[in-house]
Amino acid sequence: MPRQKPLSYLLFLVTLIAYGIIAYIVPRYETTQLFVLYFLLFGSYLWILKTASDKEITFWVICSVIFRLSLLVAIPTLSDDFYRFIWDGRLIASGYHPFAELPGFYLQKEIPGIDSTLYGLLNSPDYFTIYPPFAQFVFWISVWISPQSVIGSVVVMKVLVLAAEIGSIILLNKILKHFTVNSKNVLIYALNPLVILELTGNLHFEAFIIFFILLSLYLLLQQKILVAGIAFSFSIAAKLLPIILLPVFLIRLGLKKSIIFYGAVGVGTLVFFLPLLNFDVLDGFSESFALYFKSFEFNASIYYLVREYGYWVYDYNIIQTVGWKLGLISTIVMLLIALWPLQSISNGKLKFDLRNYKFPEDLITIPGIMMWVMLTYFLFTTTLHPWYITTLLMFSVFTSYRFVMIWSALIFLTYAGYTIDGFTENLYFTTLEYVVVIGYLVYELTWKRKSLAY
């Protein structure tokens, strides 16, 4: 690794200190301090992307791992979901199924570590858990290693998330080289402040989704279809969202390979979800899943416009009736995008001839198509937390589109709603976020006239 310029070391030190202050000192309701530090990090991130040479990629990748390491022993400050992770893990460790009953039920059972103190820290005690099997396995591992300590369990989970993150960066680099995409693009993901803070910092399991999707894609490039399908089933078992991406593979693998791939995904997913094949457990899980579409609303775009129409016409919130309809519309649009026979570019023109697909050469289109599928879902959803778009950012690394980078800066504005007493969403910031992001996307599609696939 070549010697770095003094400015690089200074930038590294300033960035490391900023991450440390956010992780260990600033509470999420201190909006001004939080935003100053975050946008300082984002400015540093953009400067590195603009000025770093190809010879400096390794240096900054190592720095990105150090930034993540610095967050390992910090209790997440921007999210309190981890208390539910530990709650579920302690239930499993004591032989109870976290999907079967609401949290309050278990307070009567004298379960080790399940008490009123931890219960009072849960952000959704009136809802069934919604975390799928692989996530529950991670919860259990963290409690098995550190049964009595919250911080101990948090550190165990962070180590596992960090391992997934390092794996994702390695796979990104390998796949970018295979597709002959600029290797510097790995820094778009590796150094992104939202990715670092939300995944390793705040313990969100998009880290596992990203790793297993990349592993699946890498294995497909090696023509290991069966193992690739199993890897993809792990991503579904970490969070259910990757299910929406499955149709993308159909026309790009061909019939025979699709049967093998989807068969492996189906068997792998079934094995993971076997513990849920119980009526009480299924009822709890399905109720949580339904509530997501019928009750939760945060940082939405199209849904908020529809909701305002509902207030204007019906004078009440129509989420109960419109949530599933938006889901149906988005499903139709996502299927159209996923099954559209877009291929690579030949002589500057897009090819649409389905008969000429060549495996695995045309797998290069998959990340870009997945980006559009996931973007569609996010635009129609009723709830969009900041960490959700980290997967979208990963897909964008394989394309020339940079609207997701801008989004990763502006979506952090949603933290403006937190106060010491609670949370109230700031719709002015939400409007700013979507106007700028969608505006820049339109600019990229029209004035820059970029390929839909890259």
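Conventions we followed
- Residues numbered from 1 in each chain as written.
- Predicted model: local features only at pLDDT ≥ 70, side-chain atom pairs only at ≥ 80, totals over all residues.
- Heavy atoms only, no water.
- Helix = DSSP H or I, 4+ residues; strand = E, 2+ residues; numbered from the N terminus.
- Buried < 20%, exposed > 50% of the residue type's maximum accessible area, 1.4 Å probe, protein only.
- Contact = heavy atoms within 4.5 Å.
- Areas by Shrake-Rupley, 256 points an atom, 1.4 Å probe, with all protein chains shown as cover.
- Axes fitted to C-alpha atoms, helices over the stretch in contact; angles between N-to-C directions.
- Parallel < 35°, antiparallel > 145°, perpendicular 65-115°, else oblique.
- Left-handed = near helix turned anticlockwise from the far one by under 90°.
- Core = buried A, V, L, I, M, F, W, Y, C linked by side-chain atoms within 4.5 Å.
- Salt bridge = Lys/Arg side-chain N within 4 Å of Asp/Glu carboxyl O.
- Patch = residues over 30% accessible without salt bridge, like charges linked within 9 Å, V, L, I, M, F, W, Y side chains within 5 Å.
- Expected span 1.5 Å × (residues − 1).
- pLDDT = per-residue confidence, 0-100.
- Phe/Tyr/Trp six-rings, centres within 6.5 Å; stacked < 30°, edge-to-face > 60°.
- Lys NZ or Arg CZ within 6 Å of the ring centre and 35° of its normal.
- Nonpolar A, V, L, I, M, F, W, Y, C, P; charged D, E, K, R; others polar.
- Polar contact = N/O pair within 3.5 Å; in protein donor to acceptor, adjacent residues only side chain to side chain.

**Quick look at the overall build of the chain**
In step 1: Broken down by element type, the chain carries 21 helices and four strands.
In step 2: Across the 454 residues of the chain, 55% fall into the buried class.
In step 3: Taking the intrachain contacts of the chain between residues at least 6 apart in sequence as the baseline, contacts between residues at least 24 apart amount to 75%.
In step 4: Just so you have it, the chain exposes about 20000 Å², and 67% of that area is on carbon and sulfur atoms.

**Here's the deal with the packing of helix α1 (residues 6-24) against helix α2 (residues 31-51)**
Two packed helices can be described by the angle between their axes and the distance between those axes.
In step 1: Between α1 and α2, the shortest axis-to-axis distance is 10 Å and the interhelical angle comes to 150°. On the basis of their axis angle, the class for α1 and α2 is roughly antiparallel. As α1 runs across α2, the sense of the crossing is left-handed. Where α1 approaches α2, its residues L7, L11, V14, T15, A18, Y19, I21 and I22 are matched on the opposing element by L34, L37, Y38, L40, L41, S44, W47 and I48.

**Some thoughts on the nonpolar core**
In step 1: The biggest cluster of nonpolar side chains holds 135 residues, and the ones touching the most others in it are W60, Y189, F232, F261, F378 and W407.
In step 2: Broken down by element, this core gets its largest block of residues, eleven residues, from helix α11 (residues 206-221).
In step 3: Once residues lying within four places of it in the same chain are set aside, the contact partners of W407 are L375, F378, L384, I389, L392, E433, Y434 and V437.
In step 4: Counting six residues, the second largest nonpolar core, distinct from the first, contains A300, Y303, Y304 and L326.

**Quick look at the pattern of salt bridges**
In step 1: Tallied over the full model, the rule gives five salt bridges.
In step 2: R68 is paired through a salt bridge with E165; the nearest N and O atoms lie 2.9 Å apart. Remark: E165 occurs in helix α8 (residues 150-178) and R68 occurs in helix α3 (residues 57-69); sequence separation between them is 97 residues.
In step 3: Classification of R68 by relative accessible area gives buried; the value is 0%.

**What about a nonpolar patch on the surface?**
In step 1: A surface patch of nonpolar side chains, amounting to about 460 Å² of accessible area, comprises L7, L10, V14, L40 and W47.
In step 2: Counting residues per element, the nonpolar patch draws most heavily on α1, at three residues.

**Quick look at α1**
In step 1: Here α1 spans 27 Å end to end across 19 residues, near enough to the 27 Å set by a 1.5 Å rise per residue.
In step 2: Buried within α1 are the following residues: S8, L11, F12, T15, A18, Y19, G20, I22 and A23.
In step 3: Tucked into the core, α1 has its buried residues touching α2, α3 and α10 (193-201).

**With respect to the confidence of the model for the chain**
In low-pLDDT segments, the atomic positions of the prediction should not be examined closely.
In step 1: Averaged over all residues, the pLDDT of the chain equals 89, while 87% of them reach at least 70.
In step 2: Residue range residues 344-354 is modelled with pLDDT below 50. Its contacts to residues more than four positions away, or to other chains, number 25 contacts.

**Observations regarding the packing of aromatic side chains**
In step 1: Here the structure, examined in full by the defined rule, presents 48 aromatic pairs.
In step 2: Aromatic side chains Y418 and F423 sit 4.6 Å apart centroid to centroid with 55° between the ring planes, which places their arrangement in the tilted category.
In step 3: Of note, R307 hangs over the ring of Y304, and the distance from its end group to the ring centre comes to 4.2 Å.

**Quick look at the packing of α8 against α11**
In step 1: Contact pair α8 / α11: the axes reach a minimum separation of 8 Å and the direction vectors enclose 35°. Crossing of α8 against α11: the hand is left-handed. In this structure, α8 contributes L160, V161, A164, E165, G167, S168, L171, L172, K174, I175 and H178 to the contact, and α11 contributes A207, F208, I210, F211, L214, L215, L217, Y218 and L221.
In step 2: Across the contact of α8 with α11, the residue classes break down as 15 nonpolar, three polar and two charged.

**Section: the environment of A93**
In step 1: Considering the arrangement of structural elements, one finds A93 in helix α4 (residues 82-93).
In step 2: When its relative accessible area of 44% is taken as the criterion, A93 is described as partly exposed.
In step 3: Measuring from C-alpha to C-alpha, the distance between A93 and I111 comes to 9.6 Å, with 18 residues separating the pair along the chain.

**Points about the side chain of T365**
In step 1: Inspection of the secondary structure puts T365 in the loop between β2 (349-350) and α18 (366-380).
In step 2: Within the structure, T365 has its side chain in polar contact with the side chain of R252 (distance 3.4 Å).

**What to know about helix α7 (residues 133-145)**
In step 1: Given a rise of 1.5 Å per residue, 13 residues ought to cover 18 Å, and the 18 Å separating the end C-alpha atoms of α7 matches this to within 8%.
In step 2: Inspection of α7 places P133, F134, A135, Q136, V138, F139, I141, S142 and V143 among the buried residues, and these make up the whole buried set.
In step 3: Buried residues in α7 make contact with α4, α8, α11, α12 (225-238) and α14 (255-273).

**So, the environment of L118**
In step 1: Topologically, L118 is positioned in helix α6 (residues 116-119).
In step 2: Between the alpha carbons of L118 and W87 there is a distance of 7.4 Å; along the sequence they are 31 residues apart.
In step 3: In contact with L118, other than residues within four places in its own chain, are Y83, I86, W87, R90 and G113.

**Notes on unusual backbone geometry**
Excluding glycine, residues mostly have negative phi values, and the peptide bonds linking residues are mostly trans.
In step 1: Positive phi values are uncommon outside glycine, yet E110 reaches one of about 55°.
In step 2: Owing to a relative accessible area of 77%, E110 belongs among the exposed residues under this scheme.
In step 3: The phi torsion at N299 lies on the positive side, around 50°, for a residue other than glycine.
In step 4: In this structure, N299 sits in the loop between α15 (279-294) and α16 (302-314).

**Comments concerning the side chain of H204**
In step 1: Looking at the secondary structure, you find H204 in the loop between α10 and α11.
In step 2: When near neighbours in sequence (up to four residues on either side) are disregarded, H204 contacts S79, D81, E198, L199 and W387.

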